[in-house]
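Here's the letter readout for the chains.
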Amino acid sequence: MDPLLAWRPEFPILETCTYLVSHSLGAMPRRARAYLQHFADDWDHRGVRAWHEGWWQIGAATGNLLAPILGAAPNTITMHQNATVAQAIVASCFTFDAGRRKIVMQDLDFPTNHYLFEGCRRDGAEIVYVASNDSMTAPIDRLVDAIDDETVLVPLSLVLFRSGGLQDVRPVVEKAHRVGAHVCLDVYQAAGTVPVDLASLGVDFAVGGSVKWLCGGPGAGYLYVRPDVIARMRPSLVGWAGHASPFEFETGAVRYATGVERFQSGTPNVPALYAARAGYEIVGEIGVPAIRARSLELTRRLIEASRRHGWRRIAPPRCRRAPAEAARGARCAGA
Ligand SMILES: Cc1ncc(COP(=O)(O)O)c(C=O)c1O
């Protein structure tokens, strides 16, 4: 028996249905209910003392729980309402001056990424979209070619939300860095189901949320910033939790925290972060490589069965393997 099957009782909804929609909302882990109860008990019994007994630091603690799942060093992740807000903080780190004003993206990216970065036009940004041929796969080579020395930022997704296609982002990072641009990787559809190694990919920023394969529920978006990039960035979307000494209540311009806290805004979303812990713990305990291996096995079974029925497959037939996957001999979903 596959050892992963032993985890099924941890997800009560699996007793009532066949749950095939984690790309939209991952099943609730049993222990999420206990953590939410814990939150309510702390609020009820500890009152204001809860701030100093874990609540104020819950963003850092949650980010550090998530970090190994994303291949990130400790103290590189801040928690936010959602991936859109996390990207707004990234966008607020940049100006779009005459010489360097391009944001280069793919037309297949998730709509929120388009909407958010489109908003930078009013600050002088030029948005360059790289088109897909088939609405399923996005040509990486064309994206690499579109990045030039007028490019500020390249937001792209590790896994395309529309097709599940896994993108080879290394050439993008290499080209962007060669011309002095930054890369913001959206790992939302990858986190928890595809091994992600942010440190090795060398991206400047990464964003995502916990609703899907991380089974963390809503309200737990995250922003990763590469350790050597942190101190260089001065996000204008900042709040008192991003201040070096928030409880000194200094007014006027922000004096940024030296660490990753400078990307925080205001009061943390405490109940959402209690709930998210459950999914992160389970994914961390199982390990993403084991989840990926099982996912590939089931996908292969599905593809073979659909072939026998003569059904047309619309998932990408093949895509270039991310090097970390290639090293393990894994194949892309749909391959
Ligand atoms: C790849 C990707 N990016 C971003 C989002 C939206 O993120 P949020 O609602 O956390 O802002 C989604 C939601 O499905 C997504 O699939």
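Residues numbered from 1 in each chain as written. Predicted model: local features only at pLDDT ≥ 70, side-chain atom pairs only at ≥ 80, totals over all residues. Heavy atoms only, no water.

Topic: the environment of Leu116
To keep it simple, the criterion reads: For the purposes of this entry, the term helix denotes a DSSP run of H or I that reaches at least four residues, the term strand denotes a run of E that reaches at least two, and both are numbered from the N terminus. Only heavy atoms matter for contacts: two residues are in contact if any of them lie within 4.5 Å across the pair.
Along the chain, Leu116 falls in helix H4 (residues 111-118). Considering only alpha carbons, one finds Leu116 and Val85, 31 residues apart in sequence, at a separation of 8.8 Å. Setting aside chain neighbours within four positions, we find Leu116 in contact with Thr84, Gln87, Ala88 and Ala91.

Description of the nonpolar core
Quick reminder of the rule: Take the buried residues of types Ala, Val, Leu, Ile, Met, Phe, Trp, Tyr and Cys, join any two whose side-chain atoms come within 4.5 Å, and each joined set is a nonpolar core. Here's how the labels work: a residue is buried when its accessible area is under 20% of the maximum for its type, exposed when over 50%, partly exposed in between, all with a 1.4 Å probe on protein chains only.
Counting 54 residues, the largest nonpolar core has Ile77, Leu185, Leu198, Tyr222 and Tyr280 as its most contacted members. The biggest single contributor to this core is helix H9 (residues 270-286), with 7 residues. Other than its neighbours up to four places away in sequence, Ile77 contacts Gly63, Leu66, Ala67, Leu70, Ala72, Tyr222, Leu223, Tyr224 and Val260. Grouped together as the second largest cluster of nonpolar side chains are 27 residues, Ala86, Leu153, Val229 and Phe263 included.

Notes on the site of the ligand
Condition: We call a residue near a molecule or strand whenever a single non-hydrogen atom of that residue lies within 4 Å of it. Distance and chemistry together define a polar contact, namely a pair of N or O atoms within 3.5 Å, with one atom able to donate a hydrogen and the other to accept it when in protein, and with adjacent residues in sequence counting only for side-chain atoms on both sides. Only the protein chains shown count as cover for residues, with accessible areas throughout obtained via the Shrake-Rupley method and a probe of 1.4 Å.
Asn82, Ala83, Thr84, Phe110, Thr112, Phe161, Asp186, Tyr188, Gln189 and Lys212 make up every residue found near the ligand. Within the backbone of Ala83, a nitrogen or oxygen atom sits 2.8 Å from an oxygen atom of the ligand. Between the ligand and Lys212 there is a distance of 2.7 Å, counted from an oxygen atom to a side-chain nitrogen or oxygen. Considered on its own, the ligand offers 400 Å² of accessible surface; in the complex 85% of this is hidden by protein.

Here we look at the packing of aromatic side chains
Formally: Stacked, tilted and edge-to-face are the three classes assigned to paired rings of Phe, Tyr and Trp, where Trp is represented by its six-membered ring and a pair needs centres within 6.5 Å; plane angles under 30 degrees give stacked, over 60 edge-to-face, the rest tilted. Two limits define a charge over a ring: the Lys NZ or Arg CZ must be within 6 Å of the ring centre, and within 35 degrees of the ring normal.
Evaluation of the coordinates by the stated rule reveals 12 aromatic pairs. Centre to centre, the rings of Phe94 and Phe205 are 6.1 Å apart; their planes meet at 85°, and the pair counts as edge-to-face. Residue Phe94 is located in the loop between helix H3 (83-91) and strand E2 (102-106), and its partner Phe205 is located in strand E6 (residues 205-208); the two are separated by 111 residues in the primary sequence. These aromatic residues form a ring-pair network of at least three members: Phe39, Trp43, Trp51, Trp55, Trp56, Trp240, Phe247, Phe249 and Tyr274. The ring centre of Tyr188 lies 4.9 Å from the NZ or CZ of Lys212, which sits over that ring.

Overview of the pairing of strand E1 (residues 77-80)
Let me state the cut-off plainly: Only strands that DSSP links by at least two bridges are regarded as paired with each other.
Here E1 shows a buried face lined by Ile77 and Met79 and a second buried face lined by Thr78 and His80. Across 4 bridges, E1 lies against strand E7 (residues 221-225) in antiparallel orientation. From the neighbouring strand, Met79 faces E7, where its bridge partner is Tyr222.

Here's the deal with the side chain of Lys212
Spelled out, the test is: In this charge count, Lys and Arg are treated as positive and Asp and Glu as negative; neither His nor the chain ends contribute. Here a salt bridge means any side-chain nitrogen of Lys or Arg lying within 4 Å of a carboxyl oxygen belonging to Asp or Glu.
Of note, Lys212 is situated in the loop between E6 and E7. No salt bridge is formed by the buried Lys212; the nearest opposite charge belongs to Asp186, separated by 8.9 Å. If near-sequence neighbours (up to four positions away) are discounted, Lys212 is found in contact with Ser22, His23, Ser24, Gly26, Tyr188 and Gln189.

Thoughts on the confidence of the model for the chain
Filter applied, for reference: The quantity called pLDDT is the predictor's confidence in a given residue, expressed from 0 to 100.
With 94% of its residues at a pLDDT of 70 or more, the chain shows a mean pLDDT of 93. Counted against residues more than four places away or in other chains, residues 318-335, with its pLDDT under 50, gives 41 contacts.

Remarks on the pairing of strand E5 (residues 182-186)
Within a regular beta strand, the side chains point alternately toward one face of the sheet and then the other, so they alternate between its two faces. Operational definition: A clockwise path from the first strand over the helix to the second, with the strands pointing away from the viewer, defines a right-handed crossover.
Taking burial as the measure, the 5 residues of E5 include 5 buried ones, the bulk of the element. Of the two faces of E5, the one lined by His182, Cys184 and Asp186 and the one lined by Val183 and Leu185 are each fully buried. Here 5 bridges tie strand E4 (residues 151-157) to E5, and the two strands are oriented parallel to one another. Within the sheet, the bridge partner assigned to Pro155 lies in E5 and is Cys184. One crossover worth recording links E4 to the parallel E5 by way of helix H6 (residues 170-179), and it is right-handed. Pairing between E5 and E6: 3 bridges, direction parallel. Looking across to E6, one finds that Asp186 is bridged to Val207.

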